[in-house]
Amino acid sequence: MSPHSGSAFPPFPPFPPRPGSSSDGATPGPGRFAPPGNLPAEPGRFVGRAEELAALADELARSRVVTVTGVGGVGKTRLAGRVAREVQYRFCDGVWLAELSTLTDPALLDHAVAGALGLTDHTDRPPRACLLEQLADRRLLLVLDGCEHLVEECAPLVRELLRRAPRLRVLVTSRRPLEIAGEQVFPLRPMAEAEAAALFEDRAAAAWPSSLRSRSARAEPGAVAELCRRLDGIPLALELAAARLGALSVTQVLERLDDRFRLLTGGARGELPRHQTLRTAIGWSHELCTPAERLLWARLTVFAGLFDLEAAEYVCSGPELPAEELPHVLAELVAQSVVVREDTPAGPRYRLLDSVRMYGAGWLDALADSGRMRRRHRDWYMGLATWCELDWFSPRQAEVAAMVDAELPNLRLALEHSLEDSAEAHIGQYLAGTLWFCWVGCGRLAEGRYWLDRAVAVPADNPATEETRLKALWVLGHVAVLQGDQAGAVAALDECREAAERAGNARALAYAEHRTGCLALVSDDMPRAEALLRGALARYEAIGELNSNVLMGKVELAMAVAFQGDLAGAVRLCEEVRAACEEHGERWTLAYALYVLGFAAFSGGDSARARALLEECLAIDYAFHDLVGAVLALELLALITLEGEGGAHEGDAVEAAVLQGAAGRLWRSVGLPLFGSRYFNGPHALCERRLRDRLGARRYENHVREGARLDLDAVTARALRGPRPDHEALPDRGRVPGARTRSRSPETHQPAGSPVTGTGETAG
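Reference entry: report on the structure contained in this document. (Residues numbered from 1 in each chain as written. Predicted model: local features only at pLDDT ≥ 70, side-chain atom pairs only at ≥ 80, totals over all residues. Heavy atoms only, no water.)

Applying the stated criterion across every chain yields a total of two cavities of 30 Å³ or more. When its volume is computed, the second largest cavity comes out at roughly 40 Å³. Lining the second largest cavity we find M559, A562, F563, Y595, V596 and F599. Looking at the lining of the second largest cavity, the elements that each hand over two or more residues are helix 25 (548–563) and helix 27 (588–603). Split by residue class, the lining of the second largest cavity holds six nonpolar, no polar and no charged. (1 Å grid on protein atoms, 1.4 Å probe; cavity = no way out; pocket = protein on both sides within 12 Å on 5 of 7 lines; lining within 4 Å. Points joined across faces, edges and corners; volume = space filled by probe spheres on them. Helix = DSSP H or I, 4+ residues; strand = E, 2+ residues; numbered from the N terminus. Nonpolar A, V, L, I, M, F, W, Y, C, P; charged D, E, K, R; others polar.)

Listed below in structure tokens is the structure:
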């Protein structure tokens, strides 16, 4: 391992000694809590690599950025993941994995990394600014996996992160280094012969447990050793070969591979470059597949990352590969280690390893079928987005949030495919608008703004597709309002309103009026907000519209009338919303209704009821990654903590100041604190004034700084369970408190093609 240059960064305290064995970090000891993070479960037993594990962990202890390099299939991802798992207890803010191999649009790199870290930012600033700010004081390990196609974009990102976040470390896997100052390159070589043989035998025994060990490992040890040599000890090549032992002996596998190698070396038994060795092994595995298996292999390459059986059946089936036969063919590819199966909370899902996907994509291009498969992929995910939007207003809301999170790489691919072709840009507009619940309800405003800006930039030259553009415009206006971009919101909403009036589109006109009312609400023009929101609700009623947006309009109207002094009217409106939410299983809008009801209860002197309502509100907002709702609840909880029961005790004042400090930190990710509104700022200003009187300015500011060190996880746990954070106190992300759930994923339906043009690909 050698650096490209000396470190340009300040020294970093060394890791504490590794206690016990090399696997100590894999399991918590007595009294140790699992740190935060998103490392997936290991897909199989980790075999060998003891020296490399120790060396990489030591390198990571000495250096702030380490890049594991090597040929495809050599095991970079597995080694990095194993080391990350072992050292996770050395990072109080956890280990976070960003899988970048399926990211095709470099402009989304910052969004992808922020999403992997679980960071949410509602402002209109670039996502990199959010990354730099929120990682500035964190001690964590960031793992960037599969960067070779994004080296030019990853290098400046990592350089800037390391400069601005002194306690951050970065572990990269890539076929080539980033070539930045301070980078330590860790070349990963193929496995030694003994370890390669152990891996081969382990994988073969896992695939064929009944008879393999006695038939191959013991009966053909020489053939196993020779096979490992011929495959250069490359783990992926060994796993593909091991998967073939159901029909062939080790000697037969070796003979067939040898024939293919001799073709590539002109008949000599010379050495091949290692990258050619892997391609040869993949190609040999491809030859042994049936025609149906080869066809499915090629077609599956249109997916980005994980996919489920239902998606594969729709996208990849056809006359030569009937849908009813596809599950069996897919199972065969799993058995041959071509496709990897992963069991997730949403059920079994599948993926192709990068090298295998690249090989199959070449065959799909050779079949001249890439364009048609991409359209079928787009149509499936357009249908999925459509049904998820409908299911958002149902008891399956939490499941929808989890599903769009899992499907985000494929949804991005569908958006990219649609928007890069001007003839199909209306489909991209449809997708970007339909996913409003993902952008607004699941904390992805910045990425939603990126796609919506691209979508509405397409000229409006087709009256038949105007509906999709109008929806994209009002969703863009909504996102801009929440980001605090008043100019952007006015521009989008005015264009939507004018076009809707010309077209006589009552639905778009209602949404444009509604979102303009929201803008008036956060701009402190309460009479105008009330008039616009009442008008929008009347339009909704006239066209029979009822969904989460309509109910949110009622909550926003309740805020407008509450700020004008009509608390009884606000409570009446929110109780109507609460009843409708309970009837339909809606939780996201319910959280905002609970906020208004909590505000009214506190204003009426019932602090205990107010706290109960706001704690439920905060738990729901946390589960949906909704920073706006969460920070509003925290501001009011701070005042209740100060003024509620027991408020005369100094401890309550200290805790209120800490909550205010944490809310202040979160506002930096939301936008202008309390929207710059004197109405929304009322509880904060009152609480601060009384805290300064009770604690004094210096003590108040000290405790505010203490709170500013708490992230959303920590402050939510503290607000729900008291001043000592406890991870067990947190509601699960994606599991919404009080939500009615069912055991399977949300319903999806066979998309019959574009809902705008009816030209979807439905034939095989």
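Another aspect to go through is the pairing of strand 2 (residues 65–69). With five of five residues buried, strand 2 lies mostly within the body of the structure. Of the two faces of strand 2, the one holding V65, T67 and T69 and the one holding V66 and V68 are both buried throughout. Relative to strand 5 (residues 168–173), strand 2 runs parallel, the two being bridged by four bridges. Opposite T67, over in strand 5, you have V172 as the bridge partner. In terms of strand pairing, strand 2 meets strand 6 (residues 183–187) through five bridges, oriented parallel. Paired with V66 across the two strands is Q184, which belongs to strand 6. (Buried < 20%, exposed > 50% of the residue type's maximum accessible area, 1.4 Å probe, protein only. Pairing = 2+ DSSP bridges.)

Turning to the side chain of D202, a few remarks are in order. Take D202: it is sitting in helix 6 (residues 193–207). At 2.5 Å, the side chain of D202 forms a polar contact with the side chain of R203. (Polar contact = N/O pair within 3.5 Å; in protein donor to acceptor, adjacent residues only side chain to side chain.)

Orientation of helix 28 (residues 607–623) relative to helix 33 (residues 712–721), taken along the N-to-C sense of each, is 155°, at an axis distance of 10 Å. Comparing their axes, helix 33 and helix 28 come out roughly antiparallel. Along this stretch, helix 28 crosses helix 33, giving a crossing that reads as left-handed. On helix 33, the residues touching E615, L618, A619 and Y622 of helix 28 are L712, D713, T716, A719 and L720. (Axes fitted to C-alpha atoms, helices over the stretch in contact; angles between N-to-C directions. Parallel < 35°, antiparallel > 145°, perpendicular 65-115°, else oblique. Left-handed = near helix turned anticlockwise from the far one by under 90°. Contact = heavy atoms within 4.5 Å.)

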